There are 2 protein chains.
Amino acid sequence: MGWGIGNLPYGSVVGPDGRRFAAVRFGDAVLELARVDADLFAAGGLDRFLAAGPATWSRVRAEVVDTLTADRHPLVPLADVTPVLPFAIGDYVDFFASEHHAANCGRIFRPGNTDPLSANWRHQPIGYDGRAGSVVVSGTDIARPSGQFPGDDGPIGFAPTRRLDLEAEVAFVVGPPGTRIAVAEADEHVFGVCLLNDWSARDIQAFESAPLGPFLGKSFATSLAAWITPLEALAAARTRVPQDPEPLPHLRETGAHGLRLDLAVSINGQVVARPEFGSMYWSYAQMLAHLTSNGAAVRTGDVFASGTVSGPARGQRGCLLELTWNGAEPIELGDGTSRTWLEDGDEVVVSAHAGDITLGEVAGRITRG
Amino acid sequence: MGWGIGNLPYGSVVGPDGRRFAAVRFGDAVLELARVDADLFAAGGLDRFLAAGPATWSRVRAEVVDTLTADRHPLVPLADVTPVLPFAIGDYVDFFASEHHAANCGRIFRPGNTDPLSANWRHQPIGYDGRAGSVVVSGTDIARPSGQFPGDDGPIGFAPTRRLDLEAEVAFVVGPPGTRIAVAEADEHVFGVCLLNDWSARDIQAFESAPLGPFLGKSFATSLAAWITPLEALAAARTRVPQDPEPLPHLRETGAHGLRLDLAVSINGQVVARPEFGSMYWSYAQMLAHLTSNGAAVRTGDVFASGTVSGPARGQRGCLLELTWNGAEPIELGDGTSRTWLEDGDEVVVSAHAGDITLGEVAGRITRG
C-alpha cells in the first residue's frame, strides 16, 4: 500500500524513447500526466502545475484517481523510466529546525556553553541560502569534494574532504509565488514534500564558516528525491508541536503544520538512524512565514528544507556528525565495517513513510572526487 | 567619453511600445541588439549571448562598433526606454574580498582580537550564497524590511529595521557554464562587470547570524546595475594586487585580474564615500576558482559579487556600518542633515568609472516597508 491510490506522488521521467514527461507514480508504474491534462504538462515538467495552485492540484489529483480507477490509460513500468529533476529549482534555502540537531551541534562545536542553542534559536527558524544550481536528483553519483582545511601536520592544504557527511532532511516545494506569507496561508503556497540529502564536508565547512556561515562545505551537491508527495496525501500525518516560548505573532502556529514522517537512513543497505520528523520544533509553515517576513518573495520552484532531522535518541540522529559525535564514536555497519565519515563507494539512502504513504527515497553513491 | 565607442555596455530595456529588447548603450541612446544579430537576441534578454562565450562576445562587439560607426541603424533615446533585469539570474554569491572591509567588520564585531581578520581570510575568498530571487534592477524602490532584533527595552521584537545599510560592490556575470575553473581560465567564463548594492539590515543580521551566517538581513533585496560592462572594455583597467601569504596553487593569481575602478557612493546626491576597487585583495578570477574548486558548477547567468569595496581611508569605506562605525559616528550630508543609517526616502546611488569608461550606476530609493 506504500504507493497506492492515497499516495500518488509527482515527478518527471525520461522514457525508453528518450522523451521527458511528467508522471505520477502508482505502485511500480507511472502514469503520464499529459494524458490527464495535456496543456498543463506539455513541457514535461511540473513547473506550470506547481504555479497553478491548490485548486488545480486538487482537480488534477481527483482526475488522476479517476483515470487510475477506471484503468483508462496504460501505465509505464517504473523500471522503464529514469527520473530527472521534476521542475526548475528557484532558490534553495536550508533551515536548522530540529532542536536536537541544533543542540547536538552546539554541544560538539561550542562545548562549555550552558545553553547549547544560540540565543536566536527559539525565536525564529534559523536558516541560510544554499546553492540551487547544485541540486541534483536522487540517484546521481556524488563526487567527493576537495577544499581547504588544516592537514595533520598543521598547515592549511587543499585536498579531498576527509569528513564527508550526509544530512537527512525533509524539503518543501513552493507553488504560487508570494511574500509575507502568513502561517495560516502556507498551504496556498506549498505543493508538497520530498526527502533531501544535504551532503556536507565537515572539515571544509569548519574552516570556512567564520564569519559568514557554510559555503563550499555544502555547495558541491544537494540531492533531492525524484518523487514529490502532495500535502493533500499527508492529511492524516499532520501534527502540532508545542513551542516554548510562544513565537512572536507572525510566526505563531495556527493549525497543524507538523508532519509525522518516519525516516530511515541507510549506508550500504544497513539502517544507521531512524529520525522522526514529527518532533521538529519549527513547522514548514513557520519556515515559510519567516523566510518571507522581510519582504523577500518566494517563486514557483523554490525549495526550502528542514535541516537535519534528529530526535532525542542516538539512533534518531540524521547525520554522521551527530551519530559519531564528530568522528569520536564510530558506528558499526552490518557488514563488519565501521564508519566515522562516508567512504568512496558508500551508497546512502534516506527513506520515509507516513503510515501507508511511502515517500520517494533520496539516494546517492560517493565516488572518488 | 563616458559612454563612448570604447565602452558599449549591454542591457535589456522596455521601449515606449512595451516591447522588451536587448540593447547596447552608446552615449545617451541605445542600439537594439537584434539589428546586429537577430537570432542571438530574439528573446529580448542577454541569456543566449552570455552562454555563447568569448568568441561571440568579441564578434558582436566588433559588429556593434561597425554599426555605430557607419550610423547604420537608428538609435533609441535612453530617456524613452526603461531598463529591466537583462538576464535570468542563476545563483547569486556574495564574497567578502576587501581586506579593509573585513578588518573593519572584525574590529567592530570582535574587538579585542589581535588579528581583526578570521583565520581563514587570507587563505580563500570567504563568501556565502545569497538569494537570487531578490535581485532587482537599478531604479527599483527598496521597501524597508522588518525582522527580529532586540528592542530598546530588551525583549526580541519584530519591527522595521532601524539599521538599514547599503553595500557598494562590484559584481561579475557568468557566461558559459563550468566547474573547477582555473584562475587562468576565468575570462572564458566571465562576460562582464556591473555595480551591485547589497542592501543590509544590520540589526536583523546581527541577531540571526549565529551560527549559519546572514539570511533575512540580506535577502529582502539586492540591486544590480542595468548595464553590464564587458571585460573587453576594461583591458586598460587591469591590475594585479600582491598577496601575502601566496595562496595555494589552485588560487594563485596567474595574470592581472584586478580592476582599477573608482567608485562613488552618494546619498541624496551627496557623495559619502569613494571606494577604490583596484586594491581588493582577492580577484574575480580567484573568487570564481574558489567557488568551483569543490566541484560546484556555475551556470550561465550566475552572479558573484565582491562584497563591500572599502579602502584604507575613512572616505573610502563602502557601507554605513564602516563609515559611521556601527552608528557611533554619524556622517554629515551636504543638506544639513546627518545619517547613521538610511532613512525612508533616501536615494542611494553607487557609480564608478575606469578612466574614460563609465559603469552603469546602481540606484535605489528607500520606501517605508
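Residues numbered from 1 in each chain as written. Chains lettered and ligands numbered in written order. Predicted model: local features only at pLDDT ≥ 70, side-chain atom pairs only at ≥ 80, totals over all residues. Heavy atoms only, no water.

J.: Lay out the sheet that holds strand β3 (residues 29–32) of chain A with the relevant residues and their values.
T.: All names here are of chain A. The sheet built from five strands is open, its strands ordered β4-β3-β2-β1-β5 with antiparallel pairing. Sheet topology places β4 (76–77) and β5 (82–84) at the edges, where each strand pairs with a single neighbour. Bridge analysis of strand β2 (residues 20–26) against β3 gives four bridges, and the strand direction is antiparallel. Each residue of the ladder has a partner; that of Arg25, found in β3, is Val30. (Pairing = 2+ DSSP bridges. Helix = DSSP H or I, 4+ residues; strand = E, 2+ residues; numbered from the N terminus.)

J.: Describe the domain arrangement of chain A, listing the residues and the values that go with them.
T.: Residue and element names in this part refer to chain A. The assigned domain composition of chain A is domain 1 (10–84) and domain 2 (92–367). Using only C-alpha atoms to locate each centre, domain 1 and domain 2 end up separated by 28 Å. Contacts between the two partners involve 20 residues from domain 1, matched on the other side by 17 residues from domain 2. Carbon and sulfur atoms supply 72% of the area buried between domain 1 and domain 2, which totals about 1,400 Å² over both sides. (Domains from an automatic or database assignment. Contact = heavy atoms within 4.5 Å. Buried area = accessible area lost by both parts, 1.4 Å probe.)

J.: Can you explain helix α3 (residues 99–109) of chain B? Please cite residues and give values.
T.: Restricting attention to buried positions, one finds in α3(B) the residues B:His101, B:Ala102, B:Ala103, B:Asn104, B:Cys105, B:Gly106 and B:Ile108. On its buried side, α3(B) packs onto α7 (320–323) of chain B. (Buried < 20%, exposed > 50% of the residue type's maximum accessible area, 1.4 Å probe, protein only.)

J.: Could you give an account of the packing of aromatic side chains, with specific residues and numbers?
T.: A full pass over the atoms with the stated rule returns 24 aromatic pairs over all chains. Consider the rings of A:Tyr281 and A:Trp282, whose centres lie 5.4 Å apart with planes at 75 degrees: the pair is edge-to-face. Comparing A:Tyr281 with A:Trp282 shows no difference in burial state: the two are buried. An angle of 40 degrees between the planes, with centres 6.2 Å apart, marks the rings of B:Phe172 and B:Phe277 as tilted. With B:Phe172 in strand β13 (residues 168–174) and B:Phe277 in the loop between β22 (270–273) and α6 (284–292), the pair connects residues that are 105 residues apart, well separated along the chain. There is no split in this pair, since B:Phe172 and B:Phe277 are both buried. A connected cluster of aromatic rings, assembled from ring pairs, spans A:Phe95, A:Phe172, A:Phe277, A:Tyr284, A:Phe304 and B:Phe215. (Phe/Tyr/Trp six-rings, centres within 6.5 Å; stacked < 30°, edge-to-face > 60°.)

J.: Explain the interface of chain A and chain B to me, using residue names and the numbers behind them.
T.: Chain A puts 49 residues into the contact, and the matching count from chain B is 49 residues. Counting each side, the surface lost to burial between chain A and chain B is near 4,600 Å², with a carbon and sulfur contribution of 55%. Three residues, A:Arg131, A:Leu212 and A:Phe215, lead the burial of chain A against chain B; their summed loss comes to 18% of the area buried on that side. The tally of links between chain A and chain B comes to two salt bridges. Close ionic contact of B:Arg131 with A:Asp302 constitutes a salt bridge, the shortest N to O distance being 2.8 Å. Linking chain A with chain B are 24 residue pairs in polar contact (both at pLDDT 80 or more), by the criterion used here. Secondary-structure elements contributing two or more residues to the side of chain A that touches chain B are β6 (92–95), β7 (127–129), β10 (146–150), β11 (156–160), α4 (202–208), α5 (216–219), α6 (284–291) and β23 (297–298) of chain A. Taken together, the residues that form the side of chain A that touches chain B break down as 24 nonpolar, 18 polar and seven charged. (Salt bridge = Lys/Arg side-chain N within 4 Å of Asp/Glu carboxyl O. Polar contact = N/O pair within 3.5 Å; in protein donor to acceptor, adjacent residues only side chain to side chain. Nonpolar A, V, L, I, M, F, W, Y, C, P; charged D, E, K, R; others polar.)

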